Amino acid sequence: MQGSRPGQNPGSGSRSPFKYFKGELFVEEVAVKTIARHVGTPVYIYSATCIASNYRSYSDSFANLDCRVFYSIKANSNIGVLRHLSTLGAGFDAVSGGEIRRALAVGAPAGSIVFSGVGKTRNEMALALEVGIRHINVESEQELLRLSRLAGNMGKVASVLIRVNPDVDANTHTKIATGRAEDKFGIPWSRVKSAYVLAEELPNLNPIGLAMHIGSQLMSLEPISKAADQLAGLVRSLRAEGHQLDCLDVGGGLGVQYRAEGPAGPSVTDYARLVQARLGDLDCELELEPGRSIVADAGILAASVLLRKRGISQEILVLDAAMNDLVRPALYGAWHEIVPVQKRPEHTECVRTDVVGPICESGDRFASGLRLPRLDEGELVAVKTAGAYCAVMASQYNSRPLVPEVFVRGQQWTVVRRRPSFEEIIGIEAIPDWL
Ligand SMILES: *Cc1c(COP(=O)(O)O)cnc(C)c1O
């Protein structure tokens, strides 16, 4: 299998921290059952060792380039996870003021934070300037004007990268493709040069280079290669016209393996080779913004079976987890492996099973037609590859409390987000005094 080279492929699952011991699923050295008993279900569980090894596959593969990793906070923004990555040496890519504050809250230096996003509020930009983050990735001419004015008022100079839209199709799900001309992201290819000139002319802005990010869950390096080529051409031609560029932000987007029999994501070593070949001789500082490929395979969602119901042609397994806890299947039609936490001898026979949550929406379904043993009420299942874009997208729909998160390293485990009480949930609401 392409992804089985040890230490190189974050999405391959080959170094999975989730292993069975005497039929019992463990996260590193802690039984999933133990955490479920203490914390209750549903609960997210993350492996610190797996996150570290995914991070190191980037830092090692890119070690011979002038390159730095800015972990994309939005994939998993738990402050335990962020502190862990900060300690490992990661910088951070934020897409909101809240994410900048999360990075600062775990002790990340402001100079290790970059700020992207198609619509930044005045307050968010002011925060970025006030604390002195590394640079702001600007996505429109209007944003250049707004940022210049704000920086002037604050007596600051904003370092900016111009985010280009290279108009390549990343061949990913349409809801997570970001580099096509019709997508809302970045400055259209034909106007990048004039935007760069505008950034140079406007007061209180210091343009230092270009940024791109063409999409997420990319299973081939081809589109990144194409976009990087275009970026290199743009750097050369801007320089030939006398402009100075010192920094290139290549974005994130590497895909991971969600299906056990499915393809592995691109290897980070191949990615590093590509970046070296396309951008390595430009004498620019390079920046990467991986999110999913750092955390996805380091997490599971553990849930309990509420009941097993007989459908017409399939079994229906109703879990205590629902689309509010993990929305990716409902939002993107995403696939997650689902496995029993306890393997029993009588589990030899598998039947077609739909795995669903209890919410009154037909989209509240984790899987259709999955081959699963007949699990009974109270048994635990693990929804795999749930470390990225899962807990961060959770809501309290149906007044279901925000799902807790647990962080594991070796034999140690800690609740890094607890389940809120009912009083906390309604505590931020009010009944008008005119009622
Ligand atoms: C979401 C995002 C990333 C991370 O993408 P992944 O697919 O999780 O690696 C990187 N850069 C920007 C600007 C993003 O919006």
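As the structure is a prediction and not an experimental result, all values here were calculated from the model. (Residues numbered from 1 in each chain as written. Predicted model: local features only at pLDDT ≥ 70, side-chain atom pairs only at ≥ 80, totals over all residues. Heavy atoms only, no water.)

A short note on the site of the ligand
- In the region of the ligand, 14 residues are neighbours, and Lys 74, Ser 216, Glu 289, Arg 292 and Tyr 389 sit closest.
- Contacts to the ligand include Asp 93, whose side-chain N or O atom sits 3.3 Å from a nitrogen atom.
- Here a nitrogen atom of the ligand sits 2.5 Å away from a polar atom, N or O, in the side chain of Glu 289.
- Burial of the ligand by the protein chains amounts to 94% of its free accessible area of 390 Å².
- Among the cavities detected, the one that contains the ligand is the largest pocket.
- A class-by-class count of the residues in the shell around the ligand yields two nonpolar, seven polar and five charged. (Near = heavy atom within 4 Å. Polar contact = N/O pair within 3.5 Å; in protein donor to acceptor, adjacent residues only side chain to side chain. Areas by Shrake-Rupley, 256 points an atom, 1.4 Å probe, with all protein chains shown as cover. 1 Å grid on protein atoms, 1.4 Å probe; cavity = no way out; pocket = protein on both sides within 12 Å on 5 of 7 lines; lining within 4 Å. Sits in = over half its atoms within 2 Å of the grid points. Nonpolar A, V, L, I, M, F, W, Y, C, P; charged D, E, K, R; others polar.)

Quick notes on the packing of helix α4 (residues 97-105) against helix α5 (residues 122-131)
- Packing of α4 against α5 leaves a shortest axis separation of 9 Å and a crossing angle of 30 degrees. As judged from the angle between their axes, α4 and α5 are roughly parallel. Where α4 abuts α5, its residues Gly 97, Ile 100, Arg 101 and Leu 104 lie against Glu 124, Leu 127, Ala 128 and Val 131. (Axes fitted to C-alpha atoms, helices over the stretch in contact; angles between N-to-C directions. Helix = DSSP H or I, 4+ residues; strand = E, 2+ residues; numbered from the N terminus. Parallel < 35°, antiparallel > 145°, perpendicular 65-115°, else oblique. Contact = heavy atoms within 4.5 Å.)

Here's the deal with the confidence of the model for the protein
- Taken over all residues, the pLDDT of the protein has a mean of 94, while the share at 70 or more is 97%.
- Here residues 1-13 is a poorly scored stretch, pLDDT under 50, and it has 35 contacts once near neighbours within four places are set aside; other chains count. (pLDDT = per-residue confidence, 0-100.)

Section: the packing of helix α7 (residues 192-201) against helix α8 (residues 222-240)
- With their axes 11 Å apart at the nearest point, α7 and α8 run at an angle of 50 degrees to one another. When the axes of α7 and α8 are compared, the pair comes out oblique. Between α7 and α8 the crossing geometry is right-handed. Each of Val 192, Lys 193 and Tyr 196 in α7 lies in contact with α8, whose residues at this interface are Leu 234, Ser 237 and Leu 238.
- For the contact of α7 with α8, the per-class residue count stands at four nonpolar, one polar and one charged. (Left-handed = near helix turned anticlockwise from the far one by under 90°.)

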